[in-house]
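Observations on the model geometry
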Amino acid sequence: MSATGVEAVPAARDWRDVLRDATDLALVGITVVLASVPVLTAGAAVGTASAAVHDWAETGTWPPARRILARFGRALLPGAAVTVLAVLVTGLLVADLLALAAGRVPGGTPALLVTVAVAVALVGYAGLVVVEVGRAGGAGWRAAARSAAGTCLARPGLWAALSGVTLLTGFLAVLVHPVAVTLLAGYAIAALHAVTRRAAAPRAAA
């Protein structure tokens, strides 16, 4: 509301704004990939990037570099534990899927389909955990995991939508040039936040 009592109308966005946002998110993706090269830093990199994207979505501006670095430093130790857990779970699921597909373990097609469904559900849940961590400033993985679990059970539609986002990201990563894969991380995190915010909008309005 302006001093004259007339509500201010946001300035219309044009192609330059869209291009700037796309460039910023591409830079986020590149930074996440580079910060994840030591592997154990991947959790901290993703959490910090999610927090930055959350700030950008809320305020329209990116947090200062000092705040980003401080968040990354605080997230290193808990993020390393999350990374180890994620690698173990992913490795077990991939090994199980490969064994079922090759017929090396009993169960056949039904067991394979169940395992695929579990994997899809887990990636959607992981996507929501990343969003919750971003909302908490890039920290609090345990609290984020508990909150995401409750939200997934209460809102299966959002769970399915986030699973779709993560699966689409993985599909695109296979199709695009390896150099472009680094750009997908920023877009994927932004998409997870956007889907979650859009799903929460009707509830806030109600």
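Relevant structure appears above.
Right, let's walk through the structure included here. Note that the structure is predicted; figures quoted are calculated from it, not measured.

The next subject is the environment of Ala121. Along the chain, the position of Ala121 falls in helix α4 (residues 108-135). On the basis of relative accessible area, Ala121 is assigned to the partly exposed category, the value being 23%. In this structure the C-alpha to C-alpha distance between Ala121 and Gly150, which are 29 residues apart in sequence, comes to 14 Å.

Two side chains that carry opposite charge are able to pair once their charged atoms sit near each other. Enumeration according to the criterion identifies 3 salt bridges in this entry. Between Arg197 and Glu58 there is a salt bridge, with its nearest N and O atoms 2.5 Å apart. Within this pair, whereas Arg197 is found in helix α7 (residues 178-205), its partner Glu58 is found in helix α2 (residues 42-59), the two being separated by 139 residues in sequence. A relative accessible area of 36% places Arg197 in the partly exposed class.

Its 21 residues place the ends of helix α1 (residues 15-35) 30 Å apart at the C-alpha level, agreeing with the 30 Å of an ideal helix rising 1.5 Å per residue. For α1, the set of buried residues is Asp17, Asp21, Leu25, Ala26, Val28, Gly29 and Val32.

Across its 38 residues, helix α3 (residues 65-102) extends only 48 Å between first and last C-alpha, which sits more than 12% below the 56 Å expected from 1.5 Å per residue. Residues of α3 that are buried include every one of Arg71, Ala75, Gly79, Ala80, Thr83, Leu93, Ala99 and Leu100, and no others. For α3, the secondary structure elements touched by its buried residues are α2, α4 and α5 (141-154). In the segment just after α3, Gly103 is the residue with positive phi, at about 75°.

For residues besides glycine, phi is generally negative; the peptide bonds are generally trans as well. In this structure, Val39 takes a positive phi of about 75° despite not being glycine. Within the secondary structure, Val39 is located in the loop between α1 and α2. In this structure Val39 comes out as partly exposed when scored by relative accessible area, which is 46%.

On to the packing of aromatic side chains. Counted under the stated rule, the structure contains 1 aromatic pair. Taking 5.2 Å as the distance between ring centres and 5° as the angle between the ring planes, the aromatic pair formed by Trp56 and Trp62 counts as stacked. Residue Trp56 is classed as buried on the basis of its relative accessible area of 18%.

A few words on the nonpolar core. In this structure, Leu128, Val129, Val131, Val133, Trp141, Ala144, Ala148, Cys152, Leu158, Leu162, Val165 and Leu192 together form the largest nonpolar core, which totals 12 residues. For this core, the secondary-structure elements that each account for two or more residues are α4, α5 and α6 (156-175). Excluding residues that lie within four positions of it along the chain, Leu162 makes contacts with Gly124, Leu128, Leu192, Val195 and Thr196. With 9 residues, the next largest nonpolar core counts Val28, Ala45, Val53 and Ile189 among its residues.

Their axes nearest at 9 Å, the elements α3 and α4 cross at an angle of 155°. As the angle between them shows, α3 and α4 are arranged roughly antiparallel. Where α3 crosses over α4, the handedness of that crossing is left-handed. Across the interface between the two elements, Val89, Leu93, Asp96, Leu97, Leu100 and Ala101 of α3 pack against Ala111, Leu112, Thr115, Val116, Ala119 and Leu122 of α4. When its residues are assigned to classes, the contact of α3 with α4 shows 10 nonpolar, 1 polar and 1 charged.

About the cut-offs
Residues numbered from 1 in each chain as written. Predicted model: local features only at pLDDT ≥ 70, side-chain atom pairs only at ≥ 80, totals over all residues. Heavy atoms only, no water. Helix = DSSP H or I, 4+ residues; strand = E, 2+ residues; numbered from the N terminus. Buried < 20%, exposed > 50% of the residue type's maximum accessible area, 1.4 Å probe, protein only. Salt bridge = Lys/Arg side-chain N within 4 Å of Asp/Glu carboxyl O. Expected span 1.5 Å × (residues − 1). Contact = heavy atoms within 4.5 Å. Phe/Tyr/Trp six-rings, centres within 6.5 Å; stacked < 30°, edge-to-face > 60°. Core = buried A, V, L, I, M, F, W, Y, C linked by side-chain atoms within 4.5 Å. Axes fitted to C-alpha atoms, helices over the stretch in contact; angles between N-to-C directions. Parallel < 35°, antiparallel > 145°, perpendicular 65-115°, else oblique. Left-handed = near helix turned anticlockwise from the far one by under 90°. Nonpolar A, V, L, I, M, F, W, Y, C, P; charged D, E, K, R; others polar.

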